[in-house]
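What the coordinates show
Read off the chains here:
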Amino acid sequence: MSENTVRDAGFDEWLDAASEGEAYYLECPEGHGSLPPRRVCPDCGSTDLEEVGLPERGEIETFTVTHIPTPAFEEDAPYATAIANFGPVRITGQVVGVDVDAVENGLEVELEVTVSETTGERVLGFSPV
Ligand SMILES: [Zn+2]
């Protein structure tokens, strides 16, 4: 990781933390959860956001399987994109480490920062527990 790279502070930083197993979410005094980059709570507008450790496991709520991807994800197809419920927050990511046929609602997953086989860019992934 280069210190010289100008980074999009916020989400990139969050991906760094997540890849080190230190993912977090932002919580306002009302207990609403959201993900960076955020300066205000999307639910109540509070600016008093605190970083709280993300629960280790989430559960897939819904997913879609892509067989014919956009060119940016060509080499990754077929793949499943899911929304997983981590309690205070819902996170969208690509399901990794499992055959797409094995992906189902209710599947328990852990957050895993992965790299797109096509673009080499980091993407948020879910790895079944
Ligand atoms: Zn709030």
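The shown structure was predicted, so the numbers you read here are calculated from the model rather than taken from an experiment. (Residues numbered from 1 in each chain as written. Predicted model: local features only at pLDDT ≥ 70, side-chain atom pairs only at ≥ 80, totals over all residues. Heavy atoms only, no water.)

**What to know about the sheet that holds strand β3 (residues 50-53)**
Note the threshold: In this analysis, strands are considered paired if DSSP registers two or more bridges between them. Think of it this way: any DSSP run of H or I at least four residues long counts as a helix, any run of E at least two long counts as a strand, and we number them from the N terminus.
Pairing in this open sheet of three strands is antiparallel, and the strands run β2-β1-β3 from one edge to the other. Every interior strand has two partners, whereas the edge strands, β2 (33-34) and β3, have only one. Inspection of the sheet shows strand β1 (residues 24-27) paired to β2 by two bridges, in the antiparallel sense. The residue of β2 that forms the bridge with Leu 26 is Ser 34.

**Section: the pairing of strand β8 (residues 122-128)**
Definition in use: Only protein chains enter the accessibility calculation, which uses a 1.4 Å probe; a residue whose area is less than 20% of its type maximum is buried, one above 50% is exposed, and one in between is partly exposed.
In terms of burial, β8 is largely enclosed, as five of its seven residues are buried. For strand β6 (residues 90-95) and β8, the ladder comprises two bridges, and the chain directions are parallel. In the strand pairing of β8, Val 95 is matched with Phe 126. Of the pairings in the sheet, the one linking strand β7 (residues 108-115) to β8 comprises seven bridges and is antiparallel in character.

**Focus on the environment of Ala 23**
Structurally, Ala 23 can be placed in the loop between α1 (11-19) and β1. For the pair formed by Ala 23 and Leu 54, sequence separation is 31 residues and the distance between their alpha carbons is 5.6 Å.

**A few points about the packing of aromatic side chains**
Which entries qualify depends on this criterion: By convention, a stacked pair of Phe, Tyr or Trp rings (six-membered ring in the case of Trp) has centres within 6.5 Å and planes under 30 degrees apart, an edge-to-face pair has planes over 60 apart, and any other such pair is tilted.
If you walk through the whole model with that rule in mind, you get two aromatic pairs. Measuring from ring centre to ring centre gives 5.7 Å for Phe 11 and Trp 14, while their planes differ by 20°; the resulting arrangement is stacked. Remark: Trp 14 and Phe 11 occur in helix α1; sequence separation between them is three residues, near one turn of the helix. Owing to a relative accessible area of 33%, Phe 11 belongs among the partly exposed residues under this scheme. Classification of Trp 14 by relative accessible area gives buried; the value is 0%.

**Topic: the confidence of the model for the protein chain**
Let me state the cut-off plainly: By definition, pLDDT measures how confident the predictor is in each residue, and it falls between 0 and 100. Residues are treated as being in contact if the distance between any of their heavy atoms lies within 4.5 Å.
Chain-level pLDDT for the protein chain is 89 on average; 93% of the residues reach the 70-or-more range. Per-element confidence in the protein chain is highest for strand β4 (residues 57-66), whose mean pLDDT is 96, and lowest for α1, whose mean pLDDT is 89. Contacts from residues 1-7, a stretch scored under 50 in pLDDT, to residues over four places away or in other chains number six contacts.

**Here we look at the nonpolar core**
Nonpolar side chains tend toward joint burial in soluble globular proteins. The criterion, for reference: In these notes, a set of buried Ala, Val, Leu, Ile, Met, Phe, Trp, Tyr and Cys residues joined through side-chain atoms within 4.5 Å is what counts as a nonpolar core.
Counting 26 residues, the largest nonpolar core has Trp 14, Leu 54, Phe 86, Ile 91, Leu 111 and Phe 126 as its most contacted members. With four residues, the single largest contributor to this core is α1. Leave out the neighbours within four places in its chain, and Leu 111 touches Trp 14, Ala 18, Ala 23, Leu 54, Glu 56, Phe 86, Ile 91, Leu 124, Gly 125 and Phe 126.

**Details of the environment of Arg 90**
Condition: Definition of a polar contact: a pair of N or O atoms within 3.5 Å, with one able to donate and the other able to accept a hydrogen when the atoms are protein atoms, and with sequence-neighbouring residues admitted only if both atoms are side-chain atoms.
If you trace the backbone, Arg 90 turns up in strand β6. Considered as a pair, Arg 90 and Glu 59 are 31 residues apart in the sequence and their alpha carbons are 9.4 Å apart. Contact partners of Arg 90, with chain neighbours within four places excluded, come to Leu 35, Glu 61, Ile 83, Ala 84 and Asn 85. In terms of polar contacts, Arg 90 uses its side chain to reach the side chain of Glu 61, at 2.7 Å.

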